[in-house]
Amino acid sequence: MTSENINQNTTLATVLHLSVFSQFFIPLGNFIFPTLLWLSRKQDPFVDHHGRNALNFQISIFLYTVFLLAAGAVTFIYFGIKFSIREPLFLYEDSFVIENFADALPFFITLGVFGILLLGLFILELFTVIHASIRASDGKLYNYPLTINFIGPSTPDDNNHQSHQSKNEQFNDTQKQTT
């Protein structure tokens, strides 16, 4: 590989990591732009590694966020039902007044924990994407923390499509070798 080619690959890998910040301007930009950049140079092992890791991390963060929001919604509904059991299911002016703060304290603690976890995921995403882009610009590999590998590494057979043989051809080749 020439130094110009390596420089282009590090630049592309850096831009690939930083393109996830497009999610703040374009819905699903954190999936669309890294995928397009990754697929443009997927045959290069350096870009392939960074592209797979960036997409796996974004999918993982998305799933963690959905899980936390769903658990928060279930908690909100649970406490809403718990608070309204003593009252009829009609809405009045004072329907949402909680007379005893101790009854609502577990709700506020749970709400605070979910908020802190979501904020932690956001901060983790910011720092790890910046760290990954710095590592990519230095020409080093980077693996994101807390990542589920949805897009696994490519196998050598994926890159060389001409080496595929049918089962019969493989069997015939082994027969020729033994005779």
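Structural notes, computed from the coordinates. These figures come from a predicted structure and were not determined experimentally.

A few words now on the pattern of salt bridges. Two side chains of opposite charge can pair, provided their charged atoms sit close to one another. The final tally for this structure, using the stated rule, is one salt bridge. Note that Asp48 and Arg52 form a salt bridge whose closest N and O atoms lie 3.0 Å from each other. In this pair, Asp48 and Arg52 both sit in helix H3 (residues 45–84), four residues apart, roughly one turn of the helix.

What follows covers the nonpolar core. Leu16, Phe57, Val129 and Tyr144 are the most contacted members of the largest nonpolar core, which has 17 residues in total. Mapped onto this core, the elements with two or more residues apiece are helix H1 (3–18), H3 and helix H4 (101–137). Ranked by residue count, the leading element in this core is H3, at six residues. Beyond its immediate sequence surroundings of up to four residues, Phe57 is in contact with Glu125, Thr128, Val129, Tyr144, Pro145 and Thr147.

Glancing now at the side chain of Thr14. Examined against the element boundaries, Thr14 turns out to sit in helix H1. Using a relative accessible area of 14% as the deciding quantity, one classes Thr14 as buried. Not counting residues up to four positions away in its chain, the partners in contact with Thr14 are Ser133, Ala136 and Ser137.

Taken as a whole and assessed by the stated rule, the structure comprises seven aromatic pairs. Ring centres of Phe24 and Phe122 lie 6.0 Å apart, and the angle between their planes is 75°; on these two criteria the pair is classed as edge-to-face. Here Phe24 is found in the loop between H1 and helix H2 (29–40), whereas its partner Phe122 is found in helix H4, with 98 residues between them in sequence. The exposure class of Phe122 is partly exposed, given its relative accessible area of 37%. By the ring-pair criterion, three or more aromatic residues cluster together here, those being Phe21, Phe24 and Phe122.

What counts, and where the lines are drawn
Residues numbered from 1 in each chain as written. Predicted model: local features only at pLDDT ≥ 70, side-chain atom pairs only at ≥ 80, totals over all residues. Heavy atoms only, no water. Salt bridge = Lys/Arg side-chain N within 4 Å of Asp/Glu carboxyl O. Helix = DSSP H or I, 4+ residues; strand = E, 2+ residues; numbered from the N terminus. Core = buried A, V, L, I, M, F, W, Y, C linked by side-chain atoms within 4.5 Å. Buried < 20%, exposed > 50% of the residue type's maximum accessible area, 1.4 Å probe, protein only. Contact = heavy atoms within 4.5 Å. Phe/Tyr/Trp six-rings, centres within 6.5 Å; stacked < 30°, edge-to-face > 60°.

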